[in-house]
Amino acid sequence: MTEDDLNAKSTDLPRLSKKSYEKELKHIQVELVKLQEWVKHQGLKVVVVFEGRDAAGKGGAIKSITQSLNPRICRIVALGKPSDQERTQWYFQRYAAKLPAAGEIVLFDRSWYNRAGVEHVMGYCTHEEYVEFLRSCPEFENMLQRSGIILIKYWFSVNDTEQENRFQDRIKDPRKRWKFSPMDLEARTRWVEYSKAKDDMFNATDTELSPWYVIDGDDKRRARLNCVNHLLAKIPYEDVLPKPFDLPPLQNKMVYVRPPMHLQKFIPDVTAHLK
């Protein structure tokens, strides 16, 4: 798949069917496992930043990546608001503490770019702090890359109509309602301000060494597949998966009588009525 193919917008395409999505996802998740083993084998340090509009599909993309991976190798970082102590630290300090060691992949579900987005728009930082962030962020990311970290940044884009549909779905579904925060509701009234903040952020931080890759998130399934395929294309890897092997026989020669099973507390089976 070429770079042009990966960057192509999907808005003119029909919604991807669940069957096609799951078939392709299964294939690329095998490749993700190969990438994971290569990162471990080579001692690579990988950071992937996920940013974008609320309900643009960042969480679903992250889940599609981590679903088949070892959480000891690939971990998600999703920091809450800073503590009083953290507010007095160097701004990048709490993020730097979560960076990967050799053989690790870290996925930032929102990142240091909070300062250029929500903190700036909502007035949670001063103008001076915001300006300093835009100036120092490229330097910070250059330092990360010079230290050997592979840094990839994704911005998930979604149009306002699709975002509205997803918000309504969250309201109707009790399983998703927790995703709403007062800040999300406030952001609806500041759509243009967030758009300007995103454009200004790109102007300052979309550099040759650390570019932003934009993902059209209007079709969640296509967005996830495009994201994973692009990630696989950005990190050259080889297949170092262990070859199939035979299991050793179970131990059966030791003289040992196990205690009766009724002494153990089994949980109730509430699935008996299901077929």
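Below, the structure is looked at part by part. (Residues numbered from 1 in each chain as written. Predicted model: local features only at pLDDT ≥ 70, side-chain atom pairs only at ≥ 80, totals over all residues. Heavy atoms only, no water.)

### Structural notes on the sheet that holds strand 3 (residues 104–109)
For clarity, the threshold we go by: In short, DSSP must find at least two bridges between two strands for them to pair. Counting from the N terminus, the helices are DSSP H or I runs at least four residues long and the strands are E runs at least two residues long. Here the axes come from fitting lines to C-alpha atoms, over the contacting stretch only for helices, and the angles between their N-to-C directions go from 0 to 180 degrees. We call two residues in contact whenever any of their non-hydrogen atoms come within 4.5 Å of each other.
Spatially, 5 strands are ordered 2-3-1-4-5 in an open sheet, and the strand pairing comes out parallel. Two strands bound the open sheet, and with one partner strand each, they are strand 2 (74–77) and strand 5 (212–216). Neighbouring strand axes in the sheet, compared pairwise and without regard to direction, differ in orientation by 25 degrees on average. In the sheet, strand 1 (residues 45–52) pairs with strand 3 via 6 bridges, with the strands oriented parallel. Bridging from a neighbouring strand, Val48 pairs with Leu107 of strand 3. Docked against the sheet, helix 3 (residues 58–66) engages strand 1, strand 2, strand 3 and strand 4 (149–157), running at close to 155 degrees with respect to strand 1.

### Regarding the state of the cysteines
Linking two cysteines covalently through their sulfur atoms gives a disulfide. Here is the rule: Cysteine sulfur atoms are paired as a disulfide whenever they come within 2.5 Å of each other.
Applying the stated criterion across every chain yields a total of 0 disulfides. In this model Cys137 remains outside any disulfide bridge; the closest cysteine sulfur is found in Cys125, 13 Å from its own. The thiol of Cys227 is not disulfide-bonded; the next cysteine sulfur, from Cys74, is found 12 Å away.

### Points about the nonpolar core
For the record, the criterion: Take the buried residues of types Ala, Val, Leu, Ile, Met, Phe, Trp, Tyr and Cys, join any two whose side-chain atoms come within 4.5 Å, and each joined set is a nonpolar core. Relative accessibility thresholds used throughout: buried, under 20% of the residue-type maximum; exposed, over 50%; partly exposed, between the two (1.4 Å probe, protein chains only).
Among the nonpolar cores identified, the biggest contains 32 residues, and Leu32, Phe50, Ile65, Leu107, Tyr154, Phe156 and Leu231 are the most heavily contacted of them. Contributing elements (two or more residues each) for this core: helix 2 (18–42), strand 1, helix 3, strand 3, strand 4, strand 5 and helix 11 (220–234). In terms of nonpolar packing, the next biggest core, distinct from the first, is built from 25 residues, Leu99, Ile149, Leu151 and Trp155 among them.

### Quick notes on unusual backbone geometry
With the exception of glycine, the majority of residues adopt a negative phi angle, and the majority of peptide bonds are in the trans configuration. One non-glycine residue, Ala55, lies in positive phi territory at about 65 degrees. The exposure class assigned to Ala55 is buried, which follows from its relative accessible area of 9%. Positive phi is not limited to glycine here, since Arg110 has a value of about 70 degrees. Checked against the element boundaries, Arg110 lands in the loop between strand 3 and helix 6 (118–122).

### What to know about the packing of aromatic side chains
Quick reminder of the rule: Each pair of aromatic rings taken from Phe, Tyr and Trp, with Trp reduced to its six-membered ring, is defined by centres within 6.5 Å and is described as stacked if the planes are under 30 degrees apart, edge-to-face if over 60, and tilted in the remaining cases. The rule is short: NZ of Lys or CZ of Arg within 6 Å of the ring centre and within 35 degrees of the ring normal puts a charge over the ring.
Evaluation of the coordinates by the stated rule reveals 20 aromatic pairs. Ring centres 5.9 Å apart and planes at 80 degrees place the aromatic pair Trp90 and Phe140 in the edge-to-face group. Note that Trp90 is positioned in the loop between helix 4 (84–87) and helix 5 (93–96) and Phe140 in helix 7 (residues 127–146), a separation of 50 residues in sequence. With relative accessibility at 4%, the residue Phe140 sits in the buried group. Both rings, one in Tyr154 and one in Tyr213, keep their centres 6.2 Å apart while their planes meet at 50 degrees; by these two values the pair is tilted. Here the residue Tyr154 occupies a position in strand 4, and Tyr213 occupies one in strand 5, the gap between them amounting to 59 residues. Neither residue differs from the other here; Tyr154 and Tyr213 are each classed as buried. One aromatic cluster is present, built from ring pairs that chain together Trp90, Tyr91, Phe92, Tyr95, Phe108, Trp112, Tyr113, Phe133, Phe140, Trp155, Phe202 and Trp212. The ring of Trp191 carries the charged tip of Arg53 above its face, separated from the ring centre by 3.6 Å.

### Concerning the side chain of Asn114
Summarising the element assignment, Asn114 is placed in the loop between strand 3 and helix 6. By relative accessible area, which is 15% here, Asn114 ends up buried. Excluding anything up to four places from it in sequence, Asn114 contacts Glu51, Tyr91, Tyr95, Glu119 and His120.

### Thoughts on the pairing of strand 4
Most of strand 4 sits inside the fold, with 7 of its 9 residues counted as buried. With 8 bridges joining them, strand 1 and strand 4 adopt parallel strand pairing. If you follow Val48 over to strand 4, its bridge partner there is Ile152. Bridge count between strand 4 and strand 5: 5 bridges; the pairing is parallel.

### Here we look at the packing of helix 3 against helix 11
Between two packed helices, the angle of one axis relative to the other and the distance separating the axes together describe the packing. Quick reminder of the rule: Here roughly perpendicular refers to angles of 65 to 115 degrees, roughly parallel to angles under 35, roughly antiparallel to angles over 145, and oblique to all remaining angles. Note on convention: the crossing is left-handed when the near helix lies turned anticlockwise from the far helix by less than a right angle, right-handed when the turn is clockwise. Under the grouping applied here, Gly and all other residues not named as nonpolar or charged are polar, the nonpolar ones being Ala, Val, Leu, Ile, Met, Phe, Trp, Tyr, Cys and Pro and the charged ones Asp, Glu, Lys and Arg.
Taken N-terminus to C-terminus, the directions of helix 3 and helix 11 make an angle of 55 degrees; their axes are 9 Å apart at the nearest point. One finds that helix 3 runs oblique with respect to helix 11. Crossing angle aside, the handedness with which helix 3 passes helix 11 is right-handed. Listed contacts from helix 11 to Gly60, Ala61, Ser64 and Ile65 of helix 3 are Arg224, Val228 and Leu231. Tallied by class, the residues present in the contact of helix 3 with helix 11 amount to 4 nonpolar, 2 polar and 1 charged.

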